[in-house]
Amino acid sequence: MAQLTFSDLEYSRRKKSTRREKFLETMNGLIPWEEWVAAVEPYYPPGHRGRPPMGIEKMLRMYLLQNWFQLSAAAVEETIYDSYAMRSFMGVDFLDSGVPDASTLLKFRRLLDRKGLSTQFSLDLHQRLAASGQILKTGAILDPALVHGSAAAQTAKKSSREADSDPDIIQLEMA
């Protein structure tokens, strides 16, 4: 078991668990991690050259967060840094490990798609949810945007996806 950090200690003293934490705890208990890791293992690069590979389970967890919260690879990376609940779900401890970067997640996602594992995992998860009397409804985490000039009135009518491609909108970068 990993050593408790000051952040962990402080966070454990709060009075309320968030819906996100409860969701991630439920999913963590529902997913057969060893089975899913074993399914990916034959296809995962051994890491003889280049950067050492991230653990398969950590990559699976990041992949699932991306899907559940409908985030881009870059956004899920940033959100893990920002969210204690997601960082805990990932098992990231900044004292001895980091968050996989967006390009690593993209390569992992492509690997799962090429081998048909993304579909297999999705079907397995939905079957497990159905067996427990639940369904999965994904959600999105959206960043606020600042709109300038005449684009403000037009953008109020646009969906967030349309606004992402509008050059008159400046997305607020979180540091």
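Residues numbered from 1 in each chain as written. Predicted model: local features only at pLDDT ≥ 70, side-chain atom pairs only at ≥ 80, totals over all residues. Heavy atoms only, no water.

Participant: Whenever I open this one, helix H5 (residues 73-82) confuses me. Can you help?
Facilitator: Residues spaced three or four apart along an α-helix face the same direction, because each turn holds 3.6 residues. What H5 keeps buried is the set Ala73, Val76, Thr79 and Ile80. The buried residues of H5 all sit within an arc of 125° when viewed along its axis, so they share a single face. Where H5 is buried, its residues meet helix H4 (56-68), helix H6 (84-90) and helix H7 (102-114). (Buried < 20%, exposed > 50% of the residue type's maximum accessible area, 1.4 Å probe, protein only. Helix = DSSP H or I, 4+ residues; strand = E, 2+ residues; numbered from the N terminus. Arc of directions from axis to C-beta. Contact = heavy atoms within 4.5 Å.)

Participant: What is the right way to read helix H8 (residues 117-131) from this model?
Facilitator: Its 15 residues give H8 an end-to-end C-alpha distance of 21 Å, which sits within 8% of 21 Å, the value for a rise of 1.5 Å per residue. Burial in H8 covers these residues: Leu117, Ser118, Phe121, Asp124, Leu125 and Leu129. Projected down its long axis, H8 shows its buried positions confined to an angular sector of 135°, all on one face. Turned more than 90 degrees away from the buried face of H8, the exposed residues are Leu123, Gln127, Ala130 and Ala131. (Expected span 1.5 Å × (residues − 1).)

Participant: So what exactly am I meant to see when it comes to the confidence of the model for the chain here?
Facilitator: Should the pLDDT be low somewhere, the predicted coordinates at that spot are not to be read in detail. Confidence in the prediction for the chain averages 80 pLDDT; 73% of positions are at 70 or higher. Summarising per-element confidence for the chain, the mean pLDDT is lowest in strand E2 (residues 169-171) (42) and highest in helix H3 (residues 33-40) (97). Segment residues 159-163: pLDDT under 50, and five contacts once partners within four positions in sequence are set aside and those in other chains are kept. Segment residues 166-175 is flagged for pLDDT under 50; beyond a separation of four residues in sequence, or across chains, it makes 20 contacts in the model. (pLDDT = per-residue confidence, 0-100.)

Participant: I would appreciate a short explanation of the environment of phenylalanine 94 in the present structure.
Facilitator: Tracing the sequence through the fold places phenylalanine 94 in the loop between H6 and H7. Note: C-alpha distance between phenylalanine 94 and tyrosine 81 (13 residues apart in sequence) is 9.4 Å.

Participant: When you look at the side chain of serine 83 in this model, what are you seeing that I'm missing?
Facilitator: Relative to the assigned elements, serine 83 resides in the loop between H5 and H6. Of note is the side chain of serine 83, whose polar atom sits 3.2 Å from the backbone nitrogen of methionine 86. (Polar contact = N/O pair within 3.5 Å; in protein donor to acceptor, adjacent residues only side chain to side chain.)

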